[in-house]
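# Residue-level structure breakdown
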Amino acid sequence: MDRTIYTDDHRQFGSAVRDYLQKNVLPNAEQYIDDKLIARDVWRGLGEQGVLGLEIPEAYDGGEAEDYRFNAIAQEELAAVSMAFASSVGIDFDIVTPYIVKLGTEEQKQQWLPQIASGEAVAAIGMTEPSAGSDLAALKSTAVRSGDDWILNGSKTFITNGYTCDVAVIAAKTNVEARARGISLFVVDASLPGFQRGRKLDKVGQPEADTAELFFDDVRLPASALVGEVDRGFVHMMEKLPQERIGSAVANVAHAKQILAETVEYARERKAFGQSIGSFQHNKFLLADLVTKIEMAQAYVDQAVAAHADGKLTAIDAAKVKYVSAEIQNQVLDSCVQLHGGYGYMREYRAARAWMDARVTRIWAGSSEIMKEIIGRDLQL
Ligand SMILES: Cc1cc2nc3c(=O)[nH]c(=O)nc-3n(C[C@H](O)[C@H](O)[C@H](O)COP(=O)(O)OP(=O)(O)OC[C@H]3O[C@@H](n4cnc5c(N)ncnc54)[C@H](O)[C@@H]3O)c2cc1C
């Protein structure tokens, strides 16, 4: 079915990003996996392509697209390379940057936005802690006043871009007596004394995404590091979550769609019992089921992207689309592995990698259970 959300402008932008990724990134994919890192020249290249500055006003060297469909088409192209590219780059331009653009002070914008737009600075977001993931209000890191400054202590875990980030938006308690109402956000310069990174975490999938623990040991933050209002950090995060979830949903479907297309190709080529494995009725029906499911998911995600571009995507709808896209992505990729037989279990095959890469999409950015909790709450049962 034809998709209707994108105009020629979006498609041209998407195709320029795809060209860049195919020429400069895919040939080095193994290297990034071995290094457990996306190289800096890729960040700069994506800066030149205009991806990293999509959310950034022209006054700070961004592209000021002001149309979420550009973010979405960029996410699709990144996810077609690998889920790690969609997550690492997506966190930077689609998740962290809006905090600084929408809530940041003039000083923060001037300091960070031009560098983020060009790819000189990589951004991360630190919400999750060892004892606070789904229950974010339970976080324990603290930022305590010291004159005009703040002293940050505590730790974060599972932070995407954590090992290489230059700047991170960090959530910390500014009122330890309160739960959600005692959290504030800070734009933290990662070169400050006391800002320490743990090892790169050894994940099941997405090896090229650097994911790390962060430790804060008396990090002295200037008053100007506060982003948004004191004690309103939880509200700020909740306001930004629909964009995080629609971005995830776009990547989930694009990723599964790409690997499914590669699997259809494989099923045409691979022979067993003198015929292509795709021509066995079971596999033909399976593939028919999968392509239909993906098209259905695509239509749903497209509708949500259009709603978000119009500023109308609700938190409930964002939860629905994030939930269902992650579940379908995982079902599709599990079948893609099956259709590859033993090769589907070999890391050198994209289907195997994609399957491992995708498992986390049902956990991060709000797990499927939390998404169902949000959706269920709306039913007022
Ligand atoms: C690769 C990776 C990258 C990540 N990147 C980032 C990042 O950049 N920044 C960041 O801040 N965080 C990041 N995260 C953290 C991620 O968002 C959390 O892992 C996620 O929110 C779940 O939290 P948790 O791991 O503490 O699990 P828990 O909250 O301990 O949940 C454990 C299980 O209990 C279930 N559960 C919890 N509460 C309920 C409930 N009320 N009802 C039913 N079931 C429930 C969950 O669904 C889950 O199945 C990342 C995680 C991973 C794995």
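What you are looking at is a predicted structure, and each value in this text was computed from that prediction instead of being measured.

Scoring rules and cut-offs
- Residues numbered from 1 in each chain as written.
- Predicted model: local features only at pLDDT ≥ 70, side-chain atom pairs only at ≥ 80, totals over all residues.
- Heavy atoms only, no water.
- Near = heavy atom within 4 Å.
- Polar contact = N/O pair within 3.5 Å; in protein donor to acceptor, adjacent residues only side chain to side chain.
- Areas by Shrake-Rupley, 256 points an atom, 1.4 Å probe, with all protein chains shown as cover.
- Helix = DSSP H or I, 4+ residues; strand = E, 2+ residues; numbered from the N terminus.
- Nonpolar A, V, L, I, M, F, W, Y, C, P; charged D, E, K, R; others polar.
- Domains from an automatic or database assignment.
- Core = buried A, V, L, I, M, F, W, Y, C linked by side-chain atoms within 4.5 Å.
- Buried < 20%, exposed > 50% of the residue type's maximum accessible area, 1.4 Å probe, protein only.
- Contact = heavy atoms within 4.5 Å.
- Buried area = accessible area lost by both parts, 1.4 Å probe.
- Salt bridge = Lys/Arg side-chain N within 4 Å of Asp/Glu carboxyl O.

In the region of the ligand, 18 residues are neighbours, and Thr128, Ser134, Phe158, Ser367 and Glu369 sit closest. Taking Ser134, its side chain carries an N or O atom lying 2.6 Å from an oxygen atom of the ligand. Ser367 has a polar side-chain atom sitting 2.6 Å from an oxygen atom of the ligand. Bound to the protein, the ligand loses 65% of the 980 Å² it would expose on its own. Listed by contribution, the elements that provide at least two residues to the shell around the ligand are strand S1 (123-126), strand S3 (149-160) and helix H11 (368-377). Ranked by residue count, the leading element in the shell around the ligand is S3, at three residues. Counted by class, the shell around the ligand contains 10 nonpolar, six polar and two charged residues. Viewed by domain, the shell around the ligand spans two of them, domain 2 (125-231) and domain 3 (235-377), each represented by three or more residues.

Our focus in this paragraph is unusual backbone geometry. Even without being a glycine, Lys36 presents a positive backbone phi close to 55 degrees. Its place among the elements puts Lys36 in the loop between helix H2 (29-35) and helix H3 (40-48).

Ranked by size, the top nonpolar core spans 59 residues in total, and within it Leu46, Val51, Phe85, Val89 and Ile246 carry the most contacts. Element by element, the count of residues in this core is highest for helix H7 (residues 233-269), at 10 residues. The residues that make up this core include at least three from each of domain 1 (8-122) and domain 3 (235-377). Once residues lying within four places of it in the same chain are set aside, the contact partners of Val51 are Phe13, Val17, Leu46, Ala74, Val89 and Phe93. Formed by 27 residues, the second largest nonpolar core is a distinct cluster that contains Ile56, Tyr99, Ala121 and Val187.

Attention shifts here to the domain arrangement of the protein chain. When the domains of the protein chain are assigned, the result is domain 1 (8-122), domain 2 (125-231) and domain 3 (235-377). A separation of 22 Å is found between the C-alpha centroids of domain 1 and domain 3. At the interface, 24 residues of domain 1 touch 23 residues of domain 3. Carbon and sulfur atoms supply 68% of the area that domain 1 and domain 3 bury against each other, a total of about 1900 Å² over both sides. Inspection of the region where domain 1 meets domain 3 yields one salt bridge. The shortest N-O distance in the salt bridge between Arg353 and Glu30 comes to 3.1 Å. Inspection of the region where domain 1 meets domain 3 yields five residue pairs in polar contact (both at pLDDT 80 or more). Broken down by secondary-structure element, the contributors of at least two residues to the side of domain 1 that touches domain 3 are H2, helix H4 (68-81) and helix H5 (83-103).

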